[in-house]
Amino acid sequence: MDHILTDIARLASSSFGGRSCYFGLWKNQKNCLDYYHGSSDLDQILAPIESLWEDSIPKAKNKGFTGKFPVMHEEGISLVAYQAWKFDLSIPSMEGLLLFFDAPGLEQKSIEEDKIQPWLDFLKNNLESFISKTSENEAAVFKAVLDNSSEMIVLIDPNHRVLEFNRFAKELLFEYFKVDIQKGNDYREFVMPEILELYQNGFQTALRGERFFVEHNTVSDSVSHWFEYYLFPVYNLSEELVGVCLRGKDITAEKAAELELRSLAETFNALNENLNESVVILSKNRSVLRFNNLAKKRLEANLGKEMILGVDFLGFIYEDGQEIFLENFERALQGELVESEGTYTIKSGDKIWLQTRYIPIYLDSGELLGVGLLSKNINEQKMLELGLQESEEKFRKIVTSAAMAILIVDQTMRISTVNPEICRIFGYTEEELVGQSIQLLIPNRFHHVHSKHEHNYSMNARPMRMMENRDIKAVKKDGHEIDVEVSLNSFQLGESTFYMAMILDVTERNKLARLLENATKLSLTGNWEYTVSQNGEDSLFWSPMTRQIFEVSEVYFPRFDELKLFFEKESFKTLEEGISNLYATGEGYDLELMVITWKGNKKWVRAIGTLERLNGNILKIYGSIQDINEKKLNEIELVKSLQSVKNYKEALDQSSYVLVTGLDGIVIDVNDSWCQLTEYSREELIGANSTITKSDYHSEAFFEELWNTIRSGKIWKGEIKDISKNGNYFWVDTTIVPMKNENGKVFQYITIRNDITEKKKAVEELEIRAKELARSNAELEQFAYVASHDLQEPLRMVTSFMTLLKRKYSGQLDESANKYIDFAADGAFRMRSTILDLLEFSRVGKGGEEKQEISLDRIIEEISLLQKKSIEESKAQLVFHDLPVVNSYKTQLIQVFGNLISNAIKYRKPDQSPIIKITAQDLGAYWQFSISDNGIGFSMEYSEKVFVIFQRLHTRAHYQGNGIGLAIVRKVLENLHGKIWVESSENIGTTFHFTLPK
């Protein structure tokens, strides 16, 4: 049909004196179809025709109108005469345009109205026929476009129900929600809560017939992602609203590039709008296509020539600039954006400074149209630059010699000046920094926020001290982040505003502060301070950790005379004596006391206090308080248990290997069991270093961590691989207990060990087998995927060509040939279905889904919706009541119940509606479920065969399917540690029983 329309254009052209002929279709005033025959290229006439269409809107339809429009050709641009007719089609909102125009430089006689009318009727009939045939394939083409789109696309009806979606949408939504989207779903269930209101606003906007666009940022695993969403109305050919189309796209990469492109875009827009810019558009052979009034005025004044369209622009270039012009013009034709500055001699003999940009201009098709020249007189700027150079040099010397790190940016937030200290801190050279965006020194995750700060500060610039800019992150050239404090100020240089930042690297200082804070938290140590003022008023300060120890809220303000409320009676008396002695002698105190918290809990603390004097007067007393409750209780318990040590030792000697060492690791004592395991005698071990049995299996860092733990008084537990005297390796489960004296000081270590060599061997063997099994499963899964992928493509090819063959030779083949084609297509379809089923079978249990509490009543209801069509067609009844809630995987349970219910419906009696009963029985550790039906049943000799993959009891002529459903059910249940079996009688029905662990 397409070639017929092309022939119509050619025939119409020859019928009316060889005029160029164009006709096209326009829907809602937008061009959607073009056919043309003539001397010029279609691309060269589309722009004037689009303008003509807009200009001709008021003109009567089916009535001719005339005029002239510009056409570009090899000699330049010419105005040609045209005749045109607009006409309606029977398709809503669709209009047509038929146009004839003369060749450049040739005026022809007008076409009479009565001669054109038959052509209009003929053209309308052929166009409507073309559109009708084309629309038959729209559904298939639309679906193909959806599935091959790199964007997420979802079609939604006015009630938020999903009508259609593409493959990308399904994968993306499953990644975020772990649920497969289905037709009929409420799409609001697939919208993140934080943008649900935004989605609903956009949806209502689209229902009103308007487009809605929004960009959204979300953070996952500390990584920022940007998405853009479009919502727009969808109409049928009758202009009736049928729903809303949602398009989504990941624009994280575009957003990252946006900041870099924004400066160039703003500069380009400003050049177009600035009245001081001369704009000239040239073709590839340098002929003038367009120019603005300022370009015409300046060039004619400076050169004394008239500026017109179509001339070679080289004649308007100053003689001393023609060589550089030709060079830059050729570079622009190669796709390069070129900038140049220079002085040129004008007609008066004066020299002027010009700044010129050469910009390649492309059509939508990607073809280079020509080059745009944007020129600006920069005399005043250059004079100002020359005048400021000396001042700038002095300023630069001051900045570069400063000990403080100093950085200066311009109004576009690009770095203009840095001193050596900046280079030292960030690791860049001056050349690498100057001209770059300040964002280069900002971590990526802060770019968006920093841009807002830049804007806000530029709108209200004021001096900002370092104390106002704490906890700022910066990034060095090597990627390492540092903490900085920044002092900001702004200044004017000529007409430009600059911003100066003085930067201090506080990374090490902040590390020390964090270490101190962490040490305080780990040691459960808080601070306090009691200040006495001259007027007799006092104040007591507690740090957050002190408040935590006493279990008081942040709004509680302690008083010194209330301290007795927080101490046990005897402990408070001891504290009072310590404070009295501190006042009298100035000697600090260090006490272990029992406190009573605000919540009534008792705990042991260590209280330390000292004081500060000025001119003999006490200014304040201060100190720390440490929670030692656990340590103190352990000490008390240890004292109580010392009496039982001898009895424990005897029992320990019988069951474990015991080794006693000093603080230096020298063996003090061992039991007989350890001697037997290590094959050393007691005499060889006592006095030797405990490393005598050390193997080369563990790293030095392993033993360093062990010693650091026990030296700190903590118990160490772990597994160690040692070596005996005769070179035999063995594993021991080891516990090393630091023994402390009455002062809490460690004086020796007791090591208790158990031989776990056989256990470790078994574990190692199990790990090896597990790795082999995992590798084997991965290889099998990869094989299944590759096989299914590689096999599907030729099958699709067979199906496609069989369909094409049948369509092309429809009516030419006999009944047998058509039947053979149908057999081939059906076989390919069934083979592809079998491959997809095999792939689904291989993926059972690999969804990565989390366990959850699942109501099986809800599961059956969901399956009823999914299989609604087959249930209604078969008039099936599902009978179930109060099924239990289980902790399992939702998707896998839907597979189990869905396949069993589907089988019961499929294998029903032809003259009887299926009745499917689902029951559950509590077996203690398991639930047993039964799904029974009144279908055709089968002989129990096939009770195992029905669970074998691809094994069928009936032919496809009677029942569709590949025999994989029950195989999937058994595999899912085995993965869930359950089992399945069946009871069946022919012509009576079938009952499937299966179990699931609770």
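Throughout, a residue's number is its position along its own chain's written sequence, starting from 1. It should be noted that, the model being predicted, local features are given only for residues of pLDDT at least 70 and side-chain atom pairs only at 80 or more, the latter also being counted only at that level, while totals for whole chains, interfaces and linings use all residues. In computing side-chain properties, one takes all heavy atoms of the structure into account and sets aside hydrogens as well as water.

## Let's talk about the overall build of the protein
Item 1. Helix and strand assignments follow DSSP, with helices taken as H or I runs no shorter than four residues and strands as E runs no shorter than two, numbered in order from the N terminus. Each helix and strand in the protein was counted, giving 27 helices and 37 strands.
Item 2. For the protein, buried positions account for 37% of its 998 residues.
Item 3. What makes two residues a contact is simply this: any of their non-hydrogen atoms within 4.5 Å. Contacts in the protein between residues far apart in sequence, at least 24 positions, make up 49% of those at least 6 positions apart.
Item 4. Total accessible area computed for the protein in this model is approximately 59,000 Å², and 52% of it derives from carbon and sulfur atoms. Burial classes: relative accessible area under 20% of the type maximum marks a residue as buried, over 50% as exposed, and values in between as partly exposed (1.4 Å probe, protein chains only). In short, Shrake-Rupley with a 1.4 Å probe defines the accessible areas, and a residue's cover is counted only from the protein chains shown.

## Some points on the nonpolar core
Item 1. In this description, a nonpolar core means a group of buried Ala, Val, Leu, Ile, Met, Phe, Trp, Tyr and Cys residues linked to one another through side-chain atoms lying within 4.5 Å. Leu856, Phe897, Leu900, Phe929 and Phe994 are the most contacted members of the largest nonpolar core, which totals 36 residues.
Item 2. Those elements that provide at least two residues to this core are helix 24 (856-866), helix 26 (890-906), strand 34 (915-922), strand 35 (926-932), helix 27 (965-975), strand 36 (980-985) and strand 37 (989-997).
Item 3. Top contributing element to this core by residue count: helix 26, with seven residues.
Item 4. Those residues in contact with Phe994, other than ones at most four positions away along the chain, are Val896, Phe897, Leu900, Trp927, Gln928, Phe929, Ile931, Leu973, Lys979, Ile980 and Trp981.

## As for the packing of aromatic side chains
Item 1. Pairing of aromatic rings covers Phe, Tyr and the six-membered ring of Trp, with a centre-to-centre limit of 6.5 Å; geometry is then stacked below 30 degrees between planes, edge-to-face above 60, and tilted otherwise. Summed over all chains, the structure comprises 38 aromatic pairs.
Item 2. With 6.3 Å between their ring centres and 85 degrees between their planes, Trp119 and Phe122 make a pair best called edge-to-face. With Trp119 and Phe122 both in helix 3 (residues 113-135) and three residues apart, this pair spans about one turn of that helix.
Item 3. Trp119 gets classed as buried once you look at its relative accessible area, which sits at 18%.
Item 4. Owing to a relative accessible area of 39%, Phe122 belongs among the partly exposed residues under this scheme.
Item 5. Put simply, the rings of Trp542, Phe550, Tyr556, Phe566, Phe567, Phe572 and Trp598 pair up and form one aromatic cluster.
Item 6. Definition used: whenever NZ (Lys) or CZ (Arg) falls within 6 Å of the ring centre and also within 35 degrees of the ring normal, the charge is taken to sit over that ring. Over the face of the ring belonging to Tyr230 we find Arg247, whose NZ or CZ atom lies 4.8 Å from the ring centre.
Item 7. Taking NZ or CZ as reference, Lys721 lies 5.2 Å from the ring centre of Tyr729, over its face.

## As for the pattern of salt bridges
Item 1. Basic side-chain nitrogens of Lys or Arg form a salt bridge, by our definition, when they fall within 4 Å of a carboxyl oxygen of Asp or Glu. Tallied over the entire structure, the rule returns 34 salt bridges.
Item 2. The closest approach of N and O atoms between Asp7 and Arg10, which form a salt bridge, is 2.7 Å. Here Arg10 and Asp7 lie together in helix 1 (residues 2-15), a separation of three residues that amounts to about one turn.
Item 3. Here Lys603 and Asp627 are joined by a salt bridge, their closest N and O atoms 3.5 Å apart. You can see Lys603 sitting in strand 24 (residues 602-614) and its partner Asp627 sitting in strand 25 (residues 617-627), a full 24 residues away along the chain.
Item 4. A single network of salt bridges, built from pairs that share partners, joins Glu529, Glu612 and Lys620.

## A word on helix 9 (residues 322-333)
Item 1. Given the number of residues in a helix, its expected span is that number minus one, multiplied by 1.5 Å. Between the first and last C-alpha of helix 9 there are 16 Å, a value that for twelve residues agrees with the 16 Å anticipated at 1.5 Å per step.
Item 2. Structurally, helix 9 contributes buried residues whose contacts are with strand 11 (277-283), strand 13 (338-345), strand 14 (351-362) and strand 15 (368-377).
Item 3. Of the residues trailing helix 9, Gly335 is marked for its positive phi of about 95 degrees.

## Regarding the sheet that holds strand 26 (residues 657-662)
Item 1. Strand order in the open sheet made by the five strands is 27-26-30-29-28, with antiparallel pairing throughout. Either end of the sheet is taken by a strand with one partner, and the two such strands are strand 27 (667-670) and strand 28 (716-723). On average, each strand axis in the sheet is inclined to that of its neighbour by 30 degrees, with strand direction left out of account.
Item 2. The pairing of strand 26 with strand 27 spans three bridges and is classified as antiparallel. By the bridge assignment for strand 27, Thr661 is matched with Val667.
Item 3. Lines fitted to C-alpha atoms define the axes here, with helix axes fitted over just the stretch in contact, and angles between the N-to-C directions of these axes take values from 0 to 180 degrees. With respect to the sheet, helix 21 (residues 700-711) is in contact with strand 28, strand 29 (729-740) and strand 30 (746-755), its orientation differing from that of strand 28 by roughly 135 degrees. Strand pairing is assigned whenever DSSP identifies at least 2 bridges connecting the two strands.

## Some thoughts on the sheet that holds strand 36
Item 1. An order of 32-34-35-37-36 is seen for the five strands of this open sheet, with the pairing classed as mixed. Of all strands in the sheet, those with a lone pairing partner are strand 32 (877-879) and strand 36, marking the two edges. The average angle at which neighbouring strand axes cross in this sheet is 15 degrees, direction not considered.
Item 2. Taken together, the seven bridges between strand 35 and strand 37 define a ladder with antiparallel strand orientation. For Ser930, the partnering residue across the bridge sits in strand 37 and is His993.

## What about the environment of Thr525?
Item 1. Relative to the helices and strands, Thr525 resides in strand 21 (residues 525-532).
Item 2. For Thr525, a relative accessible area of 17% puts it in the buried group.
Item 3. Distance in space between the C-alpha atoms of Thr525 and Ser624 is 6.6 Å, their sequence separation being 99 residues.

## A few points about the packing of helix 24 against helix 26
Item 1. Interaxial distance between helix 24 and helix 26 falls to 10 Å at its minimum, and their mutual angle equals 60 degrees. As judged from the angle between their axes, helix 24 and helix 26 are oblique. Helix 26 is crossed by helix 24, and the crossing has right-handed handedness. Touching Leu856, Ile859, Ile860, Glu862, Ile863 and Leu866 of helix 24 are Lys890, Leu893, Ile894, Phe897, Gly898 and Ile901, all from helix 26.
Item 2. Only Asp, Glu, Lys and Arg are considered charged in this grouping, and only Ala, Val, Leu, Ile, Met, Phe, Trp, Tyr, Cys and Pro are considered nonpolar; every other residue, Gly among them, is considered polar. Of the residues belonging to the contact of helix 24 with helix 26, the class tally is nine nonpolar, one polar and two charged. Here is the rule for angles: anything less than 35 degrees is roughly parallel, anything more than 145 is roughly antiparallel, 65 through 115 is roughly perpendicular, and the remaining ranges are oblique. Should the near helix be turned anticlockwise from the far one by less than a right angle, the crossing is termed left-handed; should it be turned clockwise, right-handed.

## As for the side chain of Asn126
Item 1. With respect to the helices and strands, the residue Asn126 is situated in helix 3.
Item 2. What makes Asn126 buried here is its relative accessible area of 15%.

## Quick word on the packing of helix 26 against helix 27
Item 1. Taken N-terminus to C-terminus, the directions of helix 26 and helix 27 make an angle of 145 degrees; their axes are 9 Å apart at the nearest point. In this structure, the crossing between helix 26 and helix 27 has a hand that is left-handed. Facing helix 26, whose interface residues are Gln892, Gln895, Val896, Asn899, Leu900 and Asn903, helix 27 presents Gly965, Leu966, Ile968, Val969, Val972 and Leu973.
Item 2. A per-class count over the contact of helix 26 with helix 27 returns seven nonpolar, five polar and no charged.

## Focus on the confidence of the model for the protein
Item 1. pLDDT: the predictor's confidence for each residue, scored from 0 to 100. Mean pLDDT over the protein works out to 83, with 83% of the residues at or above the 70 mark.
Item 2. The model gives residues 259-275 a pLDDT under 50, and that stretch makes 13 contacts with residues more than four places away or in other chains.

## Some thoughts on the environment of Leu575
Item 1. Looking at the secondary structure, you find Leu575 in helix 16 (residues 569-585).
Item 2. On the basis of relative accessibility, which here comes to 5%, the residue Leu575 falls in the buried class.
Item 3. For the pair Leu575 and Glu592, spaced 17 residues apart in sequence, the C-alpha to C-alpha distance is 9.3 Å.
Item 4. When near neighbours in sequence (up to four residues on either side) are disregarded, Leu575 contacts Phe567, Tyr589, Leu591 and Leu593.

## As for the environment of Tyr362
Item 1. Mapping Tyr362 onto the fold places it in strand 14.
Item 2. Separated by 27 residues in sequence, Tyr362 and Gly335 have C-alpha atoms that sit 9.4 Å apart.
Item 3. The residues contacting Tyr362, other than those within four sequence positions of it, are Gly335, Glu367, Leu368 and Leu369.

## Focus: the side chain of Gln867
Item 1. Assignment of secondary structure puts Gln867 in the loop between helix 24 and helix 25 (868-874).
Item 2. Accessibility expressed as a relative area gives 15% for Gln867, which makes it buried.
Item 3. Within the local environment of Gln867, its side chain forms a polar contact with the backbone oxygen of Gly898, the two atoms lying 3.0 Å apart. Here a polar contact means two N or O atoms within 3.5 Å. Within protein one must be a hydrogen donor candidate and the other an acceptor candidate, and residues neighboring in sequence count only if both atoms are side-chain atoms.

## Points about a nonpolar patch on the surface
Item 1. On the surface, Met797, Phe801 and Leu804 cluster together to form a nonpolar patch covering roughly 300 Å² of accessible area.
Item 2. Secondary-structure assignment places Met797 in helix 22 (residues 757-808).
Item 3. By relative accessible area, Met797 is classed as partly exposed at 43%. The residues that make up patches have over 30% relative accessible area and no salt bridge, and they are joined within 9 Å when like-charged or within 5 Å when they are Val, Leu, Ile, Met, Phe, Trp or Tyr.

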